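Remarks on the overall topology
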Amino acid sequence: MGYLNHKQGYREELLETRSVIKKDNFALITPDGLVNNVVPGFEDCDMTILGSPRLGARFVDYLVTVKNQGGNKQGFGGNGIQTFVYVVYGAITAKVDGQSYDLTQGGYLYVPPHLQLTFENNNGGEDSRLFLYKKRYQEAENVGKPDIVVGNVNDIEPEAYEGMEEVLIQDLLPKSLEFDMNFHILSFKPGASHGYIETHVQEHGAYVLSGRGMYNLDKNWIPVDKGDYIFMGAYSPQATYAIGLDEPFAYIYSKDANRDIEL
């Protein structure tokens, strides 16, 4: 049974997929083939593991559908593992270090590596969907520790990306050396694109929030759609064109930052 489409049994059409997996390089994972993973600590949640070290990433991304009063009361992260949660739709109540945070669609919460995140659904009995992330924190000399960050993308004024008014970016975390990563939302108006094909050491895990695009992943032009997940490994050439007529092509993505390469 597919995790999101809930189809069971034989299909009338041929078995096919748009997913492309190139371990340690790039991947496109579509919603149709996702399966439900059982992870201890998550109750009444359908969840799938997207990016992970088994794919080549140094982080783990999850897509979580939280049902009824489900959530994670055991604790997620801590002991050197930093976490981040973004509400795709619905509402949750998250708790960190005794403090509660009510997050609705577009809301997000960063939890530093010495604290744990717990949460429960708070959407009136309806499902909530979360994009969830964890990564081991990379220490740096003469740099302080990151703090809790909470916000909502609807309160962040988009800025032109590299001088292009048709491409907008929102930074979800402070540009501060305490953080060894950041989260952004990049939005392309139909017909807009990157200014060049990027090739860099940083890796990304991206979840498509709206629209459609053609993505260049290591010289392969691949169609991507709302609900798709993209992993872009270190040095994998990458760029996109937005296609479609009615809405921007937008995705939330992580990026490692502010650290030298360890030997």
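Residues numbered from 1 in each chain as written. Predicted model: local features only at pLDDT ≥ 70, side-chain atom pairs only at ≥ 80, totals over all residues. Heavy atoms only, no water.

1. Focus: the overall build of the chain
Rules: Going along the chain from the N terminus, every DSSP run of H or I of four or more residues is numbered as a helix, and every run of E of two or more is numbered as a strand. In this setup the radius of gyration rests on C-alpha atoms only. A globule is expected at 2.2 Å times the number of residues raised to 0.38. Throughout, the Shrake-Rupley method with a 1.4 Å probe supplies accessible areas, and for residues the shown protein chains are the sole cover considered. Positive charges come from Lys and Arg, negative ones from Asp and Glu, while His and the chain ends are left out of the count. One atom stands in for each charge, and that atom is NZ of Lys, CZ of Arg, CG of Asp or CD of Glu.
Looking only at helices and strands, one finds zero helices and 20 strands in the chain. Against the 2.2 N^0.38 benchmark of 18 Å for 263 residues, the chain shows a C-alpha radius of gyration of 18 Å, consistent with a compact globule. Dimensions along the principal axes, computed over C-alpha positions, put the chain at roughly 50 × 45 × 40 Å. By element, 48% of the accessible surface of the chain is carried by carbon and sulfur atoms, the whole surface being about 13,300 Å². When the 22 positive and 36 negative side-chain charges of the chain are each reduced to one mean point, those points stand 5 Å apart.

2. Considering the environment of R11
The cut-off we apply is this: When a residue's accessible area, from a 1.4 Å probe over protein chains only, is under 20% of the maximum for its type it is buried; when over 50% it is exposed; and in between it is partly exposed. We call two N or O atoms a polar contact when they sit within 3.5 Å, provided that within protein one can donate a hydrogen and the other can accept it, with sequence-adjacent residues counted only if both atoms are side-chain atoms.
Examined against the element boundaries, R11 turns out to sit in the segment before β1 (20-22). For R11, a relative accessible area of 31% gives the class partly exposed. Note: C-alpha distance between R11 and C45 (34 residues apart in sequence) is 26 Å. Side chain to side chain, R11 and D32 meet in a polar contact 3.1 Å long.

3. Re a nonpolar patch on the surface
Rules: A patch consists of residues exposed above 30% relative accessible area that lack any salt bridge, with like charges linked at up to 9 Å and nonpolar side chains (Val, Leu, Ile, Met, Phe, Trp, Tyr) linked at up to 5 Å. Counted as salt bridges are all cases of a side-chain nitrogen of Lys or Arg within 4 Å of a carboxyl oxygen of Asp or Glu.
A cluster of nonpolar side chains, contributed by W221, Y241 and I243, occupies part of the molecular surface with about 300 Å² of accessible area. Along the chain, I243 falls in strand β19 (residues 238-243).

4. Notes on unusual backbone geometry
Not every positive phi belongs to a glycine, and N79 is a case in point at roughly 55°. Looking at N79, the relative accessible area reads 73%, which means it is exposed. Although it is not a glycine, D218 sits at a positive phi angle of roughly 50°.

5. Comments concerning the UniProt feature "domain: Cupin type-2" (unreviewed entry) in the chain
The condition that has to hold: UniProt positions are given in the numbering used here, feature names are shortened, and annotations may be inferred rather than shown by experiment.
With numbering matched to this structure, UniProt assigns "domain: Cupin type-2" (unreviewed entry) to residues 186-237. Counted over residues 186-237, helix gives 0% and strand 50%. Its end C-alpha atoms are 17 Å apart.

6. Quick word on the UniProt feature "domain: (S)-ureidoglycine aminohydrolase cupin" (unreviewed entry) in the chain
UniProt's feature table lists "domain: (S)-ureidoglycine aminohydrolase cupin" (unreviewed entry) at residues 56-137, given in the numbering used throughout. Secondary structure across residues 56-137 divides into 0% helix and 70% strand, with the first and last C-alpha atoms of the span separated by 17 Å.

7. Some details on the sheet that holds strand β18 (residues 229-232)
How we decide: Note on pairing: two strands pair once DSSP finds at least 2 bridges between them. Note on geometry: axes are lines fitted to C-alpha atoms, helical ones only across the stretch in contact, with angles between N-to-C directions running from 0 to 180 degrees.
Pairing within the open sheet is antiparallel, and its eight strands lie in the order β1-β2-β18-β15-β20-β14-β13-β12. A single partner strand is all that each edge strand has here, and the edge strands are β1 and β12 (159-161). Strand-to-strand twist in this sheet, taken as the mean axis angle between neighbours without regard to direction, amounts to 25°. As paired strands, β1 and strand β2 (residues 26-29) are joined by three bridges and run antiparallel to one another. When the sheet's bridge partners are listed, I21 is paired in β2 with A27.

8. Description of the environment of Y161
Here Y161 is to be found in strand β12. Classification of Y161 by relative accessible area gives buried; the value is 12%. Among the polar contacts listed, one links the side chain of Y161 to the side chain of E198, at a separation of 2.9 Å.

9. A short note on the pairing of strand β17 (residues 220-225)
Relative to β17, strand β16 (residues 212-217) runs antiparallel, the two being bridged by six bridges. Residue pairing across strands places N216 opposite W221, the latter belonging to β17. Hairpin connection of β16 to β17: two residues between the antiparallel strands, including D218 at a positive phi of 50°.

10. A look at the pairing of strand β6 (residues 91-96)
The element β6 is extensively covered by neighbouring structure, given that five of its six residues are classed as buried. Both β6 and strand β7 (residues 99-104) contribute to a ladder of six bridges, which runs antiparallel. Each bridged residue has a counterpart across the sheet, and for A94 the counterpart in β7 is Y101. As consecutive antiparallel partners, β6 and β7 are separated by two residues, and within that stretch D97 has a phi angle of approximately 55°, a positive value. Bridging between β6 and strand β9 (residues 117-121) involves four bridges; their strand directions are antiparallel. Its bridge partner being in β9, T93 is matched across the sheet by E120.

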